[in-house]
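Structural description and commentary
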Amino acid sequence: MAWQITRDGVEHTVDVEALGDDRYRVTVDGEAHELHAACPEDGVLSIVRGSRRWEADVVRTAGGASVTVSGRRHELGVIDERQLALAALGLGGAAGNDNVVSTSMPGKVVALLVAEGDAVQAGQGVIVVEAMKMENELKAAAAGVVSSIPVAVGDAVEGGAPLVYIDPDGD
Amino acid sequence: MAWQITRDGVEHTVDVEALGDDRYRVTVDGEAHELHAACPEDGVLSIVRGSRRWEADVVRTAGGASVTVSGRRHELGVIDERQLALAALGLGGAAGNDNVVSTSMPGKVVALLVAEGDAVQAGQGVIVVEAMKMENELKAAAAGVVSSIPVAVGDAVEGGAPLVYIDPDGD
Amino acid sequence: MSGAPPFKKVLVANRGEIALRVMRGCRELGIEPVAVYSEADAQAPHVRAASEAHCIGPAASAESYLRGDVILDVALRSGCEAIHPGYGFLSENAGFVRQVVDAGLAFVGPPPEAMEVMGDKVSARRAMMAAGVPVVPGTADPLESDDEAVRVAAEIGYPVMLKASAGGGGKGMRKVDDPSGIVSALRGARSEARNAFGDDRVYVEKFVVNPRHVEVQIFSDAQGNHLHLFERDCSIQRRHQKLVEETPCPVLSPETRAAMTAVATQAAAAIDYRGAGTVEFLYGADGSFYFLEMNTRLQVEHPITEMVVGVDLVQAQLLTAAGLPLPWGQDDLQQRGHAIEVRLCAEDPDDGFRPAPGRIESLRLPTGPWVRVDGAFYPGYDVPIHYDPMMAKLIVWGRTRDDAIGRMRRALGELVITGVRTNASFYRAVMDHPAFQSGRYDTGYVAAYLDDLMADHHDDDALVALLAAAVDAHRAQEERARRVAPSGGGGGSRWASAGRLAQVGR
Amino acid sequence: MSGAPPFKKVLVANRGEIALRVMRGCRELGIEPVAVYSEADAQAPHVRAASEAHCIGPAASAESYLRGDVILDVALRSGCEAIHPGYGFLSENAGFVRQVVDAGLAFVGPPPEAMEVMGDKVSARRAMMAAGVPVVPGTADPLESDDEAVRVAAEIGYPVMLKASAGGGGKGMRKVDDPSGIVSALRGARSEARNAFGDDRVYVEKFVVNPRHVEVQIFSDAQGNHLHLFERDCSIQRRHQKLVEETPCPVLSPETRAAMTAVATQAAAAIDYRGAGTVEFLYGADGSFYFLEMNTRLQVEHPITEMVVGVDLVQAQLLTAAGLPLPWGQDDLQQRGHAIEVRLCAEDPDDGFRPAPGRIESLRLPTGPWVRVDGAFYPGYDVPIHYDPMMAKLIVWGRTRDDAIGRMRRALGELVITGVRTNASFYRAVMDHPAFQSGRYDTGYVAAYLDDLMADHHDDDALVALLAAAVDAHRAQEERARRVAPSGGGGGSRWASAGRLAQVGR
C-alpha cells in the first residue's frame, strides 16, 4: 500500500510492506528502510532499525498523525492512494487549507477583527480566541477576501474548528 | 436490567437503573443505592455516594469482574437475567466449578500427582505447576474421582486453564 | 503518626497540582482532605484524589474558586477544622482570612494583618525600610528639580533609572550611566511621560545591573520563632513568569547568603508573621540585594527547598496553623545537594508559548532516584481552557549542581506526554545550554537566548517519526480490513482495540 | 556533566527494575546504556528504556542472562567499555569477571579474588576472623566429647545452639539455655542427627536471641579508600526473603552503629575490596552483632541508603569501575532522616504469596514528595512467568521514622495495579501494625504476625466494589446494544472503546 506523507511541508511517497512478525519494509521516495515495529503499549510503536531502538508515540489526527520521538512532536499529513486518486479528480478533501483560519487550541471567540466581504492581507489578524486566561490573535495566511465566518463572539470553539474562510486572491 | 452478582460466595440480586447524566439507582437485594458513576479514565469508575468518593478499577473477567477499591481487589461473579434463565434450564455455563482444578497462574506443569480414575480426598494435592521459579501444588476442593486430565507434564498452561477434572462423590 | 493529627479534616480551597500537593501532606499526617471543584473540574485530578469533594460553582474562577463565602460554607457543613488556600485564588485575600477565623476555623497561612502590609507595594516598602531591610535605593516621590535629580542620583550611585510616576510599560523610562547624561535623560523622560500619560512627573531609582531573582523561604510559628530555609534562584523567567528554579543559587557567596537570610528572617519578625512565606530580592551582579516583595503563602517552587533542606513545608504549615511549634529549629536546617524545578505547562513553545489545552492521550512520567513529579494530570484528562496552563512540576535533586542537571536531562528524556503540547522540549534545551550550565545567567536569560533554545536538529528522529506514521497507517488499514471481514474472533490485536486510537474515525 | 563521562557505552547484563536503575545512572553521567534481553523479554521495560538492545537467547536464564560468553560478545561487538551486572545472574560469578577483564573491558564490581573469598562460607568466615570481624562464636569443627561441649559452651556463653555437622532443616538442632541442660541436649541432638543423616557429629554455636538482620553498605575505590554508608535493617522477612527494609535501624545505639560500621570497613580493607558491597550482620537483642556474609554487588535495597545518605551508588559504581576515586570522603557522609522500602511483587498474599504473573491492566504510580519508584512495568505489560516476581520497589523518605511511615501509607494509598495480583495490601497492613510502628521487631516478625497482617475489614469498600461491578455490567450491556444498532456514528463513549476492556469478549 502506498501513502503520501507530508512532513515539514515536504511530500514523500511512502510504500509499506509487511514482512510478518512485526517486520516492515518502508520505502520513502525510493529508499528502502527495513525495520521492526512492535506495539508494547497502546499508542506506542517500538521501532528497531539495526541495533538502534526508538519509542514513537502515535496519536492519529484528522489529516494524519502526530508522532512524538525523543520528546519532540512531529506533525505528519498522511493520505492513502485512494484519497490521492480522489484528490486528483477534485473529489477528495485533501486539498490545502490555506484559505481557512482555524485554531489548534480550543477556546472562546472574544473578538472578530474582520467581517464577510473584507479584503485581508497575509499576516493580518482576523479573529481573537481566548484560552487559559490568554488572548490569541489568529492571522490570515495569505491575502484574499473573507468569504464566510461560521462563528460569533462568545462562541466556544473546539481545537481545529474553522473560524474564518478566506477566498484567496487570484483564485 | 437485573443481575446476579456473587461476592465472597454470597449471591446478590442486583438491579441497575440509569437515571441519566452518569447517575444510577442500584438495588441490591431490595435495598436501593443512588450513586454517581463517571469514567474519567479507561477502566476506572469514580463512584460518588452522598459526599463520599471512591475510585473503582474494573477489569472484566470471564465470569464477572475484578474490582479494586482502596487498594483491595474484590472478585465478583456477574450473571445477567438471560444467562440466569438459561442456567435454570440447564443450558448455561454458569454452574459452579468445584469439580475442576485449575490454576489462576500461568505456568508449566511439572508433576501430576494423580491419574484418571484415582479417588482423591478434599485438600489432596493433584498437580504441580511452576511459575517464577516457584512450584505450586494445586489441591482438590472436594473428594471424588479423577475423571480426566487434559494436560501433561511439561505443558505450558494459561491462567484459568482447567487441569484436572474430578467427579464429585455422591453426585 | 506520633500523636494525634493537628486537624481531623481540612478543606483544600484550590485545584491542580497544588491541591494534590496539599492533600498529600494532609494524608501523611492522618488528616482527611476535602476537595472543592468547579463544574468544569468534576473529573479533575484533585477531585479524583479526594475521598470527599463538593461542587462550588461554574467554571469561571470568580464564580467558584474565588467564592470565599461558598467555600467557607462547604468547610463548615463538611466538618472541616481548617482551610488550606494553596497559592493563587484566595491565598492572599485578607478579607477571606478574617471570615474563616471569625467562623471559628483555622486558616493555613499568616494573620490578615501581615498579609495586608505585604499586599500593598508602598506599605510593604515602608515596613521593610523600618525593619532595616534593604530596598532599591531611590526617591519613590517625584523629583522636584534637575538639581534634586543630580543630587539623589549621586547619593544612590550610577547607573540609575528614571521612571515615570504615572508610568508603566517602559514609557518615560531612561537608564543613566553617569552624571554627564542625567539632565538630558530627565528632559527626555519627562517629555515621553507627558506624551504617554499626560503627567510629566518622574522619580529616580538605582539601576540593578544584570539582576537575578533570588528569594528566601521563611517560616514562623505562633510561638514567635522565625526561621529561614535558605534561598531559591528563580531568574529563568519569560515575561515575569518563572520557568526554572534552583537552589542553592549558583553564584551566591556564603557571606551574602548569610546576610540575605538574616534580613529575610528580620522581615518576618517585623510583621509578626506566621506560617510559610517568601521574601523576594533583586540580586545585582555587584553582590548587592534589594527587597522586591513578600509572598505570604506557599510558593509554586517550594519543592526545591524541601529537597535540599529535607523538610516538608506543607506538613509544617498544617502543624503551625494548629498552633503547634515548628518541628525543627534553625540549627537543624542545612542545605544538602542541589535541586532544580521546571514547570510543565500545556503550551506550545514553537508557537510563542501559546496555551494549548486539550486531551492528554498518553502520559509516561519519569521515576527512579531523586525525581519528583508534583502534577495534576492523567491519560484521558481534558486540560481545561479555564485555568492556568501549568499541569505539573518536575523536580530533581543531585549531590552537586552538575548531578542535578544530568538528572533533569535524564528525567526529561523519560517523560512522554502526547495529545497536548507542552514546553518540555524548551527545558531540554535549557539543560543543554552552556549559559545555564555555567550558572552565570540573569533575568534576561530567556530573552537573550530564545533563538538558541528553540533551534532543533534531530534528523534521525524526524525520519523515525515518518516511518512510525507509515507503519501506523498500514496497521490501521489492516485493522479496518480485519473488522470488515469478521472472521478473526476474539484474537484482535491490542493495537486495534486501543481506545484512544479508535476514537478518531480515520 | 563536569568533564567527560567515565565510559561512553556500558552493557547492562540484567533485566527488570535493576537494569532500569543502572541505565538511569548511566544516562545521568552521559553514558549510553546497552540492553540485552531474552526472547521472552522483547517488550520488557528494560528493553524499552534502551536505545540499543540485543537478544541473547531463549527465555530460560541459563540460556540467556547467565550466558556470560554471549553477553561478552555483544559487549565487544557493540563497542561497550564496561559491563554492569546488576544483582543476581552473573553479578557474583568470578569466572565471568575474569573473562570480562581478559577481554579488555571493565567489570562494574569487585575484583574476582574478593568475590571468591566471600563466595564461600568457610573462606569468608576465616578471612573475617583474621580481619578481626566478629563471627558467631562456636567451634565449626565437630565436638569431640561431652567435656569439650561443656567447656566451649561456657566460653561462648549461654544460650547456645547445638547443630548437626551433616545437618540442615532443623534436624539435630537443640537450643540449650544453661549448663544444666547441655549433656542431655547433646545426647538428643546426636541421636537425632544419626537417625536423620547417619552421622552423629554435632558442633556448638552461640544462639543469637531475637536477631535482627542489619547490614552495612560499604564502598571502596581503586585508590584504596574504604568507606561505609551506614546501616540498613532488613529484618522483615518471609522465608529468608526480605520484604521491608529501613534505615537507620530503629534500635541501633550510636555506639553499636560506630562499632558495626568500623568493622564493615575493616572487612572491606582486609580483602582489598573495590566498588559497592554489603556486609551483613546478625544483630542480637543484647546488642551483640556477628558477621553473616558479604554481598559483593549492589543490593536490592540500596535506594534507602541513597535517600538517607544523599549519594548515588550506581553513579559511584561507574566512576570507581573506571578507576576514578570516590567523589566523597567519609566525613562528607551523614545520615539525614529515615527511608523505608517495600518490594512490590506479582504474588498473591491471600494465597500463600504464590507467584501471580499476568498482564498488567492499569497502573497508577504514587508521585509527589519523597516517593521513589524503582520499577519495571507498564500498563499492558505481561509479567513473564520465567523470572523473579519482583516488579518494583517503592521507596519513601521522611525527616523522622514516623514521617516515613506516614508517607509510605500515603504512597501505598495512591498506588493502583490491576490485572496482576500484588503484595501491596500486605505492606499496608505492616505500616498500620503496632509492632512495626514501634520499631521493636526481629526476623520472626512476619511469621509471628501473619494472621494479624492478613486480616481484612473493609465492608464499605466491598459494597462499592459490588456497585461498581453492577454499573460496569450495565454500561457494557448498553454499549453492546449501541453497537448492534449502529446509528451513533463516531461519538462512542470512551469507556466503550477502552482497549483493555474490549479485549475480554464478555
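Residues numbered from 1 in each chain as written. Chains lettered and ligands numbered in written order. Predicted model: local features only at pLDDT ≥ 70, side-chain atom pairs only at ≥ 80, totals over all residues. Heavy atoms only, no water.

Attention now goes to the overall build of chain A. Helix and strand content of chain A: 1 helix and 16 strands. A globule of 171 residues ought to have a C-alpha radius of gyration of about 16 Å, yet chain A, at 20 Å, is considerably larger. For chain A, the spread of C-alpha atoms along the principal axes amounts to about 55 × 40 × 20 Å. A total of 171 residues make up chain A; the buried ones form 41% of that total. Looking at chain A alone, contacts between residues at least 24 apart form 36% of all its contacts between residues at least 6 apart. Summed over all atoms, the accessible surface of chain A reaches about 8,200 Å², with 47% contributed by carbon and sulfur. For chain A, the distance from the average position of its 13 positive side-chain charges to the average position of its 27 negative side-chain charges is 9 Å. (Helix = DSSP H or I, 4+ residues; strand = E, 2+ residues; numbered from the N terminus. Rg over C-alpha atoms; globule rule 2.2 N^0.38 Å. Buried < 20%, exposed > 50% of the residue type's maximum accessible area, 1.4 Å probe, protein only. Contact = heavy atoms within 4.5 Å. Areas by Shrake-Rupley, 256 points an atom, 1.4 Å probe, with all protein chains shown as cover. Lys, Arg positive; Asp, Glu negative; His and termini not counted. Charge placed at Lys NZ, Arg CZ, Asp CG, Glu CD.)

The next point concerns the interface of chain B and chain D. Counting from both sides, the interface comprises 57 residues of chain B and, opposite them, 53 residues of chain D. With both chains or domains summed, chain B and chain D bury close to 5,000 Å², and 61% of this area falls on carbon and sulfur atoms. Three residues, B:Arg60, B:Arg72 and B:Met132, lead the burial of chain B against chain D; their summed loss comes to 20% of the area buried on that side. Across the chain B-chain D interface, the total number found is 6 salt bridges. Note that B:Arg60 is salt-bridged to D:Asp472, the shortest N-O span being 2.8 Å. For the interface between chain B and chain D, the tally reads 10 residue pairs in polar contact (both at pLDDT 80 or more). Here the side of chain B that touches chain D gets 8 residues from one element, more than from any other, and that element is strand E6 (residues 52-61) of chain B. (Buried area = accessible area lost by both parts, 1.4 Å probe. Salt bridge = Lys/Arg side-chain N within 4 Å of Asp/Glu carboxyl O. Polar contact = N/O pair within 3.5 Å; in protein donor to acceptor, adjacent residues only side chain to side chain.)

This part covers the sheet that holds strand E14 (residues 144-148) of chain A. All names here are of chain A. As summarised here, the arrangement of the 4 strands in space is E9-E16-E14-E11, forming an open sheet in which the pairing is antiparallel. Each of the sheet's edge strands pairs with one partner strand only, and the pair in question is strand E9 (100-102) and strand E11 (119-120). Of the strand pairs in this sheet, E11 and E14 are connected by 2 bridges, and their pairing is antiparallel. The partner of Val-120 across the bridge, within E14, is Gly-144. (Pairing = 2+ DSSP bridges.)

With that settled, consider the packing of helix H7 (residues 146-156) of chain D against helix H8 (residues 182-197) of chain D. Residues and elements named next belong to chain D. At a closest axis distance of 10 Å, the pairing of H7 and H8 adopts a crossing angle of 120 degrees. When the interaxial angle is binned, H7 and H8 end up oblique. When the axes of H7 and H8 are compared, the crossing they make is right-handed. Seen from H7, the contacting residues are Asp-146, Ala-149, Val-150 and Ala-153; seen from H8, they are Ile-182, Val-183, Leu-186 and Arg-190. A class-by-class count of the residues in the contact of H7 with H8 yields 6 nonpolar, no polar and 2 charged. (Axes fitted to C-alpha atoms, helices over the stretch in contact; angles between N-to-C directions. Parallel < 35°, antiparallel > 145°, perpendicular 65-115°, else oblique. Left-handed = near helix turned anticlockwise from the far one by under 90°. Nonpolar A, V, L, I, M, F, W, Y, C, P; charged D, E, K, R; others polar.)

Listed by partner, the interface residues are 12 residues for chain C and 9 residues for chain B. Of the roughly 960 Å² buried between chain C and chain B on both sides combined, carbon and sulfur atoms contribute 38%. If you sort the residues of chain C by the area they bury against chain B, C:Gln43, C:Arg48 and C:Ser51 come out on top, with a joint share of 54%. On the surface where chain C and chain B come into contact, there are 4 salt bridges.

On domain assignment, one finds that chain A holds domain 1 (2-79) and domain 2 (95-164). Computed from C-alpha atoms alone, the centre-to-centre distance between domain 1 of chain A and domain 2 of chain A is 32 Å. (Domains from an automatic or database assignment.)

By the criterion of burial, helix H13 (residues 424-431) of chain D is predominantly enclosed, with 8 of the 8 residues buried. On its buried face, H13(D) sits against strand E8 (72-80) of chain B together with strand E11 (241-247), strand E14 (338-345), helix H12 (401-414), helix H14 (434-438) and helix H15 (445-454) of chain D.

Another point: helix H11 (residues 313-321) of chain C. Residues and elements named next belong to chain C. Most of H11 is tucked away: 8 of the 9 residues are buried. Within the span of H11, buried status applies to Leu-313, Val-314, Gln-315, Ala-316, Gln-317, Leu-318, Leu-319 and Thr-320. Its side-chain oxygen 3.1 Å from the backbone nitrogen of Val-314, Asp-312 forms the N-cap of H11. Just downstream of H11, Gly-323 is the residue with a positive phi angle, here 90 degrees.

Our focus in this paragraph is the sheet that holds strand E4 (residues 31-38) of chain B. All names here are of chain B. Here 8 strands make up a closed barrel; going around it, the order is E1-E2-E3-E4-E5-E6-E7-E8 and the pairing antiparallel. Direction aside, neighbouring strands of the sheet carry axes that sit 35 degrees apart on average. Taken together, the 6 bridges between strand E3 (residues 23-28) and E4 define a ladder with antiparallel strand orientation. For Arg-25, the partnering residue across the bridge sits in E4 and is Glu-34.

Right, let's talk about the environment of C:Asp402 for a bit. Residues and elements named next belong to chain C. Here Asp-402 lies in helix H12 (residues 401-414). The partly exposed category is assigned to Asp-402, whose relative accessible area is 23%. In sequence terms Asp-402 and Ser-438 are 36 residues apart; their C-alpha atoms lie 9.6 Å from each other.

On to unusual backbone geometry, then. For the bond from C:Tyr158 to C:Pro159, the omega torsion is -5 degrees, close enough to zero to count as cis. Positionally, C:Pro159 belongs in the loop between helix H7 (146-156) and strand E6 (160-164). Residue D:Pro248 is reached from D:Thr247 by a cis peptide bond, and omega for that bond is -5 degrees. Checked against the element boundaries, D:Pro248 lands in the loop between E11 and helix H9 (254-270). With a phi close to 50 degrees, A:Asp8 is a non-glycine residue in the positive phi region.

So, about the side chain of C:Arg410. Position of C:Arg410 among the secondary structure elements: in helix H12. The class for C:Arg410 is buried, based on a relative accessible area of 4%. Not counting chain neighbours up to four residues away, the residues in contact with C:Arg410 comprise C:Thr367, C:Gly368, C:Pro369, C:Val371, D:Arg24, D:Arg27 and D:Glu28.

Before going further, it helps to examine the packing of helix H3 (residues 68-77) of chain D against helix H4 (residues 94-102) of chain D. Residues and elements named next belong to chain D. Between H3 and H4, the least distance of the axes is 11 Å, while the angle of their chain directions is 25 degrees. As far as their axial angle goes, H4 and H3 are roughly parallel. Note on packing geometry: the crossing formed by H3 with H4 is right-handed. Across the interface between the two elements, Gly-68, Asp-69, Ile-71 and Leu-72 of H3 pack against Phe-96, Gln-99 and Val-100 of H4.

Each regular strand displays side chains that alternate between the two surfaces of the sheet. Residues and elements named next belong to chain D. Counting buried positions along strand E10 (residues 226-238) yields 13 of 13 residues, so the element is predominantly enclosed. Relative to E10, strand E9 (residues 212-220) runs antiparallel, the two being bridged by 6 bridges. Bridging across to E10, Phe-219 finds its partner in Leu-227. From the end of E9 to the start of E10, which pair antiparallel, there are 5 residues, and Gly-224 there has a positive phi angle of about 90 degrees. Sheet topology note: the E10/E11 ladder contains 4 bridges and is antiparallel.

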